[in-house]
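# Chains, contacts and geometry: an overview
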Amino acid sequence: MKKICNNKGFTLVELLTVIAIIGLLSTLTVVSMSVAKTRARVSVALHDEDQILKAITFLQNDTAQWPGHQAVGLPCDKAPGGCLADNEICGPDKNASACVNRLSDGYAGLLANHATPYPNWSGPYLKVNILQDPWGNEYFFDTDYCVNLDDKPCGCDNTGPHAVAVIGSYGPNEQGVLTEVVGAYDCDDVILIIAK
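Residues numbered from 1 in each chain as written. Predicted model: local features only at pLDDT ≥ 70, side-chain atom pairs only at ≥ 80, totals over all residues. Heavy atoms only, no water.

Of all 8 residues in strand β1 (residues 140–147), 6 are buried, a share of seventy percent or more. Of the strand pairs in this sheet, β1 and strand β2 (residues 162–169) are connected by 6 bridges, and their pairing is antiparallel. If you follow C146 over to β2, its bridge partner there is A163. (Buried < 20%, exposed > 50% of the residue type's maximum accessible area, 1.4 Å probe, protein only. Helix = DSSP H or I, 4+ residues; strand = E, 2+ residues; numbered from the N terminus. Pairing = 2+ DSSP bridges.)

Written out as structure tokens, the structure reads:
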């Protein structure tokens, strides 16, 4: 008896359908990995900010001052004497907008004492490698950072803006200063509020 083989292959429509499904699954995987990578970087930034807060606490305990010789424990608009001219301490963002002083400078008092010395300084209080966020920018310290009622940066929503003291990162878009005004940050900043 003769066997008849009916060797049908895949049709072109079936092959295209399989290729389309594989392409869709690949796209979804890449997108979800990108989201997970951003979340992981935000977590690292928050951890680093906590380490910077600990260093600021050590500086505060030794010298009774915050970085930049600022009053301890209050946003600068509530501190005696108000805000100093150089109350923002930050490195450049991706547009090269920058504050006058950086956390790595002696002015901040975390790595070295300043030319105008901090009394009873016994640092350094921080490791240098903590000063850069996961996107490669230096963290900032700001004692008049604007947040809304939900404690989110004012760039997200301007409802009930008020000033707080924060340690922050320019976040995933690496953009901090959006205007000519230093201290105008944007919505994707990753911040740790240290005083209200």
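Read on, since the account is not over.
One pass over the full model with this rule turns up 3 salt bridges. Between E138 and R102 there is a salt bridge; the shortest N-O distance is 3.2 Å. Residue E138 is located in the loop between α1 (12–63) and β1, and its partner R102 is located in the loop between α1 and β1; the two are separated by 36 residues in the primary sequence. Look at R102 and you get partly exposed, because its relative accessible area is 33%. (Salt bridge = Lys/Arg side-chain N within 4 Å of Asp/Glu carboxyl O.)

So, about the nonpolar core. Of all hydrophobic cores here, the largest spans 24 residues; its most connected members are I52, I56, L103, L110, L126 and F141. Listing elements by their share of this core, those giving two or more residues are α1, β2 and β3 (190–195). Here this core takes 5 residues from α1, the largest share from any one element. Excluding its chain neighbours within four sequence positions, the residues that come into contact with I56 are W66, P67, L110, F141 and I167. (Core = buried A, V, L, I, M, F, W, Y, C linked by side-chain atoms within 4.5 Å. Contact = heavy atoms within 4.5 Å.)

Tallied over the full model, the rule gives 4 aromatic pairs. Residues W66 and F141 carry aromatic rings whose centres are separated by 5.7 Å and whose planes lie at 90° to one another, so their mutual orientation is edge-to-face. Residue W66 is located in the loop between α1 and β1, and its partner F141 is located in strand β1; the two are separated by 75 residues in the primary sequence. Across the pair, F141 and W66 agree in class, each one buried. Here the aromatic residues F140, Y145 and Y170 are joined through ring pairs into a cluster of three or more. (Phe/Tyr/Trp six-rings, centres within 6.5 Å; stacked < 30°, edge-to-face > 60°.)

What you tend to see is this: most non-glycine residues have negative phi, and most peptide bonds are trans. For the bond from G123 to P124, the omega torsion is 10°, close enough to zero to count as cis. Position of P124 relative to the elements: it lies in the loop between α1 and β1. In this model, D151 sits at a positive phi of 60°, which is unusual for a non-glycine residue. Relative to the helices and strands, D151 resides in the loop between β1 and β2. Residue class for D151 comes out partly exposed when judged on its relative accessible area of 22%.

Along the polypeptide, N120 turns up in the loop between α1 and β1. A sequence separation of 56 residues divides N120 from A64, and the C-alpha atoms of the two residues are 9.0 Å apart. Setting aside its immediate chain neighbours within four residues, N120 contacts D62, T63 and Y125.

Turning our eyes to something else, we now look at the sheet that holds β3. With antiparallel pairing, 3 strands are arranged side by side in an open sheet as β1-β2-β3. Two strands in the sheet have a free side with no partner beyond their single neighbour: β1 and β3. Here the average twist between neighbouring strands, direction ignored, is 45°. α1 rests against β1, β2 and β3 of the sheet, and its axis sits at about 30° to β3. (Axes fitted to C-alpha atoms, helices over the stretch in contact; angles between N-to-C directions.)

With that out of the way, let us pick up a nonpolar patch on the surface. A contiguous nonpolar surface patch, about 580 Å² in accessible area, is contributed by F10, L12, L15, L16 and I19. Structurally, L15 is set in helix α1. (Patch = residues over 30% accessible without salt bridge, like charges linked within 9 Å, V, L, I, M, F, W, Y side chains within 5 Å. Areas by Shrake-Rupley, 256 points an atom, 1.4 Å probe, with all protein chains shown as cover.)

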